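The primary structure of each chain is shown beneath.
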Amino acid sequence: MPQHSMGDKPLVSVPQLVVPSPPLAMDSACGHSPPSRQVSLGSPPSHGAPCPTAHSPPDSCNQPLCPPLTEKHGCRTPPEMHYVAAGPQSMACGWWAFAPKCLQAFNTPRGFLLFLCAAAFLQGMTVNGFVSTVITSIERRYDLPSYQSGLIASSYDAAACLCLTFVSYFGGNGHKPRWLGWGVLVMGAGSLLFALPHFTAGAYEAEVAEGVGTCRANRSVACRDSASGLAGYRLVFMLGQFLHGVGATPLYTLGVTYLDENVKSSYSPVYIATFYTAAILGPAAGYLIGGALLNVYTEVGRRTELTTESPLWVGAWWVGFLGAGAAAFLIAIPILGYPRQLPGSQRYVVMRVSETHQLKDSEHKAASNPDFGKTIRDLPLSIWLLLKNPTFILLCLAGATEATLIAGMSTFGPKFLESQFSLSASEAATLFGYLVVPAGGGGTFLGGFLVNKFKLRGVGIIKLCLLCTLTSLLAVFVFFIHCPNVPMAGVTASYSGSVLPEGRLELTAACNAPCACWPEHYSPVCGSNSLTYYSPCHAGCGGEAAPSAGSQKVYQDCSCVPQNFSSGFGHATAGKCTSTCQRKPLLLVFIFVVIIFTFLSSIPALTATLRCVCDRQRSFALGIQWIVVRTLGAIPGPIAFGWVIDKACLLWQDQCGQQGSCFVYQNSAMSRYMLITGLVYKVLGFLFFATACVLYKPPSESPNSLAASLPSQSSASDNPIDVRATPLALQLRSDV
């Protein structure tokens, strides 16, 4: 039985070490020049045994690998090779010394993917679901204007931009599961902090004013500044959102690279697509759960005369955040137990390096140093290496254009459907959710599946992104189609039913002049003549009819609503009149196509980013990409879409003489502005992907020839023994 002297502990079984030769692209991309094609660890060498040379043949695995202790005899390990001993305990799943065997069943890529998907689902449900759902209730409860609630929402992206460089740079060279686990804990703390104002602001009390809005009981809204002092809680909400952003930062940088490092290169897109699909399904669950909780009164257990239709109603917005905080702590515990590398992950390194974009810079030799990236002094060089990679820069810019459309449509997509089809806010949000969940989730997963199915590599992945962008670009032309506005008295039509010139408002007419209606009371009603009115007062309604159980509120004796019979006035029902647009199915189908092909390119673009940068810079590259995407896309996207959509407004809210939000949009103008914005960003994305495809330099050695030098997958997975090394993959096989 051969033994190898290492310290004072003999090894009973000595594995054979096979180091495959990397392709030429590795020398140029990562700056590593291997001294030999293969070296082996077998019997101890004799004193006269020659050392492996730089030009040893492929069968040199029979040559002995000289241990460091024999350097005095003239045999030494090449200086480029750095070996780091890693015992089996470093690959065990557990917490410090507690690593029971039952937990090792989860110590696989699939096990880690399960908990990572749970964390991404929770993040999407909390930030993109709960916060978006309850923002209106928070404004009402804590006397916040819209711009302050906008600051609350943007605090998440601001925190992510501030932390991305630090987390991706140091976390990429550190213990990724620990960074991820602590990030989930911080995110949970942010959720608990977000719910804190409910318990410290006192009980919510609101007065119910009977008959407000009708002709006989029209009351003005007092124009005075509120001195409740509740607006100061916006700082607590902003801090909670800031912690959400800090905690979620490792998920989409370190989580993605940890998955990619521990699975086969061809399987990586499927794993990443599954992870992103969970992140997309999270907001859908947040909308459903958050919407259901808003039907419960905020003071749980207390009786109230308010109904969910009342403008003063505040639902139980805080319950979801308490549950999210508790769930975050439960998810973080297993993630913290994962090792730095999963067992059997070393054999995948060479295949990733083989796809790295070729760059011929001597500075890349520094990136192959195992100590590179561990100190702040290497940060400028890391940024410079990424800036000199044209493929990476173009993929970042293409991602920013796609993020602009995704952020803008997710914010104003429900408003577009609400205006085009004359829906209520809840109906529009539900319909948009039915579009986004299958299109967004299905497109994300399908993108990763296609990369794996057709074994796309390098330029093939970028061409898939190019095809998806071109398809969605053509589908954007659907915004040429629009539904006509539902006639609204005094806004788009006169009280007699004739069309009003665009931009001319005549809310007051002879039929409602005695009512002295106030513009602050916007509560649209649908008259029996299929004409929408600004409020029951503007319809001239004298009062409410006795409501029946489960039915809509009906107003009677409406002087502005003509009656079909010989005598008396008509009636009106609460809510806008239903649209009879025949183009609704066509619009929905093409909007679905735009969404699915936009998300279809997300995972291929992410995979291309991981493949075009050096192996040691992948986490940092994702962090830089997320900064570019958020700075140029996610943050300004809603602002740009909101600005162009406001250009289509016909009727603005009047808040004591000050302009508020928009009540009614011109559908034709809204579609036209959406078309222009969509075309501009889609064309830019297409140009960025096309240029990246042209400038991408494939490796000089094909991946197939590299794969031939690797041991077979079956033999590689029989007895995986893991050793952390330089960018070379060290494949270990048992040799007893």
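Residues numbered from 1 in each chain as written. Predicted model: local features only at pLDDT ≥ 70, side-chain atom pairs only at ≥ 80, totals over all residues. Heavy atoms only, no water.

Undergrad: Help me understand the nonpolar core in this model?
TA: As a rule of thumb, nonpolar side chains are buried together in soluble globular proteins. Counting 65 residues, the largest nonpolar core has Phe-275, Tyr-276 and Trp-317 as the members making the most contacts within it. Only α2 (109–141), α3 (146–171), α4 (176–200), α6 (254–261), α7 (268–293), α8 (319–336), α15 (602–611) and α16 (618–634) provide two or more residues apiece to this core. With 13 residues, the single largest contributor to this core is α2. For Phe-275, the contacting residues outside a window of four places in its chain are Leu-113, Leu-116, Cys-117, Ala-120, Leu-251, Tyr-252, Val-256 and Leu-259. Residues Leu-431, Leu-435, Leu-587 and Leu-588 belong to the second largest nonpolar core, which totals 37 residues. (Core = buried A, V, L, I, M, F, W, Y, C linked by side-chain atoms within 4.5 Å. Buried < 20%, exposed > 50% of the residue type's maximum accessible area, 1.4 Å probe, protein only. Helix = DSSP H or I, 4+ residues; strand = E, 2+ residues; numbered from the N terminus. Contact = heavy atoms within 4.5 Å.)

Undergrad: Would you take a moment to explain the state of the cysteines for this structure?
TA: The bond known as a disulfide is covalent and runs between the sulfur atoms of two cysteines. Applying the stated criterion across every chain, the model contains five disulfides. Between Cys-511 and Cys-560 runs a disulfide, and the two sulfur atoms are separated by 1.9 Å. Sign of the S-S torsion, about 100 degrees for the bond between Cys-511 and Cys-560, identifies this disulfide as right-handed. Within this pair, whereas Cys-511 is found in the loop between α13 (459–475) and β2 (525–527), its partner Cys-560 is found in the loop between β5 (554–558) and β6 (570–574), the two being separated by 49 residues in sequence. Accessibility expressed as a relative area gives 5% for Cys-560, which makes it buried. Across a sulfur-sulfur distance of 2.0 Å, Cys-526 and Cys-577 are joined as a disulfide pair. (Disulfide = S-S within 2.5 Å.)

Undergrad: Explain unusual backbone geometry here, please?
TA: Only a minority of non-glycine residues have a phi that is not negative, and only a minority of peptide bonds are not trans. Backbone geometry at Ser-422 places phi at a positive 55 degrees, although glycine is not the residue there. Structurally, Ser-422 is set in the loop between α11 (390–421) and α12 (425–453). Phi angles above zero are rare outside glycine, and Ala-516 is one such case at about 50 degrees. Residue placement: Ala-516 occurs in the loop between α13 and β2.

Undergrad: I tried to follow the pairing of β6 on my own but got confused; where do I start?
TA: Regular strands place side chains that alternate from one sheet face to the opposite one. Both β2 and β6 contribute to a ladder of three bridges, which runs antiparallel. Note on β6: the bridge partner recorded for Cys-526 is Thr-573. Summarising the sheet, β5 and β6 pair through three bridges and their orientation is antiparallel. Opposite Tyr-555, over in β6, you have Ala-572 as the bridge partner. (Pairing = 2+ DSSP bridges.)

Structural measurements only, silent on function.
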